[in-house]
2 protein chains.
Amino acid sequence: MKFLLVEDNQELAHAISSRMQLDGHVVEHASNLKDATAFVETGEYDLILLDIMLPDGDGRSFLKTHRASDLDTPVIVLTARSQISDRIGSLDLGADDYVTKPFDHAELAARCRAVLRRRAGKSQTIIRSGGVEFDPVAGSMAVQGQPVTLRNRELRLLELLINAPGQIFSKQKLSDRLFSYDDDVSENAIEVYIARLRKHLDPSDLKITTLRGLGYRLDNDA
Amino acid sequence: MKFLLVEDNQELAHAISSRMQLDGHVVEHASNLKDATAFVETGEYDLILLDIMLPDGDGRSFLKTHRASDLDTPVIVLTARSQISDRIGSLDLGADDYVTKPFDHAELAARCRAVLRRRAGKSQTIIRSGGVEFDPVAGSMAVQGQPVTLRNRELRLLELLINAPGQIFSKQKLSDRLFSYDDDVSENAIEVYIARLRKHLDPSDLKITTLRGLGYRLDNDA
DNA sequence: TCGGGGGTGTCAGGTCGGTGTCAGGTTAAC
DNA sequence: GTTAACCTGACACCGACCTGACACCCCCGA
């Protein structure tokens with residue numbers, strides 16, 4: 001997927017784009033409205049991440065003209081916490097979702113996935129695989145029909161893995177997605193969560209395979 | 001499907017119609033009651049999205065004459081965030097559903113689908129679930145047949161939850177929906193209202209589940 | 001203008017569950 | 001056999017959440 005990030009804070013912009021690249025997305029970065037407009041006119045994007053406060057104007061005006069020109073690229077608005085009115089107003093202007101700064105990168109990634117999924121026409125968000133039903137919106141899972149309550153972290157870990165079955169996730173990668181910068185956790189934490197998730201998945205056909213020195217992978221042993 | 005959108009705010013109108021077009025619908029747009037009447041007399045629509053506050057009158061009068069002339073096109077009313085009392089009348093006048101601004105476009109789309117789907121039967125606004133009868137217009141609720149009077153905030157909270165049962169609402173989302181921009185309330189306020197609503201729902205099968213770190217969810221423990 | 005009352009949000013104290021760490025055991029690699 | 005990576009049961013901590021009490025405010029009637 002190709003994203004356009006419109007954000008004037010260079011540091012934050014770098015953090016976001018590197019995080020998005022972890023997910024395999026291509027990110028192009030504009031620091032102001034002028035550049036953003038130029039980018040949109042010349043390229044096609046799957047998603048736009050739009051900061052509201054920009055040096056040369058209000059992000060909402062961009063959003064407005066963007067929608068007015070019949071472009072239907074989904075937009076997620078980034079706002080500061082205090083500017084609640086911005087979030088609400090931007091929804092009216094056609095934003096697909098908003099995230100308040102400071103935000104968890106894991107959360108932003110989740111929102112992006114949700115928006116893209118919604119846009120793909122799949123209003124059906126429930127993922128079924130190997131005897132597991134997973135509903136990220138409801139935060140619920142059922143294994144062989146039996147409902148299982150997952151905790152916050154377990155949920156997010158499962159969401160990561162199940163969205164890319166068969167892919168190898170290094171512990172570093174998982175750690176990056178599950179935790180934010182400032183809290184530095186030991187790699188063992190990941191091992192623990194993998195174990196907990198494994199227990200939940202035990203009755204199903206989904207197995208988490210360990211690849212020594214490489215990471216983990218979700219497989220379907222049907 | 002062919003929709004008629006009656007809305008004087010041009011930006012919002014454009015946002016809505018472009019969104020609806022994404023879903024493959026044709027949208028015609030009237031900015032006032034006069035135009036709306038002309039549209040309805042000349043064309044056939046599958047659904048009407050009707051703003052209440054219009055430059056040349058109250059949308060409800062349009063709704064009334066519309067119903068009086070035996071047209072059974074479903075109508076979804078768009079109202080500003082306000083007291084329940086403001087909405088009284090619109091559903092009595094034959095609206096099929098209403099959405100309060102500001103709204104998620106995804107939510108509006110969902111309401112549209114719901115209205116069109118249940119159009120086969122009768123227009124039904126009272127929600128019955130798990131021993132609870134909820135009438136959002138009258139602002140009344142009954143648990144196991146016993147009438148319960150809810151306060152304004154409790155009503156709006158219940159309304160949010162019951163319209164999307166099984167979905168997780170973060171505290172921030174609930175806060176955005178329940179309160180307006182200028183008053184910034186602590187997250188604890190949400191917790192308090194959840195508790196108050198829980199007490200009311202106690203005799204019923206509807207339970208509000210806490211998902212630590214994620215939010216709340218309305219479940220039916222039938 | 002005053003007083004009352006219902007609705008509303010805050011606060012403080014308490015509870016409890018998720019969370020990450022640790023230590024010791026197990027397994028794979030060489 | 002040695003080593004490093006990984007697994008896992010137990011545990012303590014911290015913060016999210018709950019809740020009873022309270023102060024505030026707006027509306028109403030006197």
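Conventions and cut-offs
- Residues numbered from 1 in each chain as written.
- Chains lettered and ligands numbered in written order.
- Predicted model: local features only at pLDDT ≥ 70, side-chain atom pairs only at ≥ 80, totals over all residues.
- Heavy atoms only, no water.
- 1 Å grid on protein atoms, 1.4 Å probe; cavity = no way out; pocket = protein on both sides within 12 Å on 5 of 7 lines; lining within 4 Å.
- Points joined across faces, edges and corners; volume = space filled by probe spheres on them.
- Helix = DSSP H or I, 4+ residues; strand = E, 2+ residues; numbered from the N terminus.
- Nonpolar A, V, L, I, M, F, W, Y, C, P; charged D, E, K, R; others polar.
- Domains from an automatic or database assignment.
- Pairing = 2+ DSSP bridges.
- Axes fitted to C-alpha atoms, helices over the stretch in contact; angles between N-to-C directions.
- Contact = heavy atoms within 4.5 Å.

### Observations concerning the layout of surface pockets
A probe as big as a water molecule, rolled over the atoms, marks out the empty space that is left. Residue and element names in this part refer to chain A. Its boundaries defined by the atoms lining it, the second largest pocket holds a volume of some 490 Å³. Along the walls of the second largest pocket sit 23 residues, with Asp 23, His 25, Arg 113, Leu 116 and Asn 163 positioned nearest its centre. If you list the elements that add at least two residues to the lining of the second largest pocket, you get α1 (10-22), α5 (105-119), α6 (152-162) and α7 (171-178). Considering each element in turn, the lining of the second largest pocket owes the most residues, six residues, to α5. Split into classes, the residues belonging to the lining of the second largest pocket amount to 11 nonpolar, three polar and nine charged. For the lining of the second largest pocket, the domains that each give at least three residues are domain 1 (2-119) and domain 2 (127-220).

### Overview of the sheet that holds strand β1 (residues 2-6) of chain A
Two orientations exist for strands paired in a sheet by backbone hydrogen bonds: parallel and antiparallel. All names here are of chain A. If you trace the five strands from one edge of the open sheet to the other, you get β2-β1-β3-β6-β7, paired in parallel fashion. Both outer strands of the open sheet, β2 (26-30) and β7 (97-101), are each paired with one neighbouring strand and no more. The average angle at which neighbouring strand axes cross in this sheet is 20°, direction not considered. Inspection of the sheet shows strand β6 (residues 75-80) paired to β7 by five bridges, in the parallel sense. Residue pairing in the sheet places Val 77 in a bridge with Tyr 98 of β7. Packing of helix α2 (residues 33-42) onto the sheet brings it into contact with β1, β2 and β3 (47-51), and relative to β2 it is tilted by some 140°.

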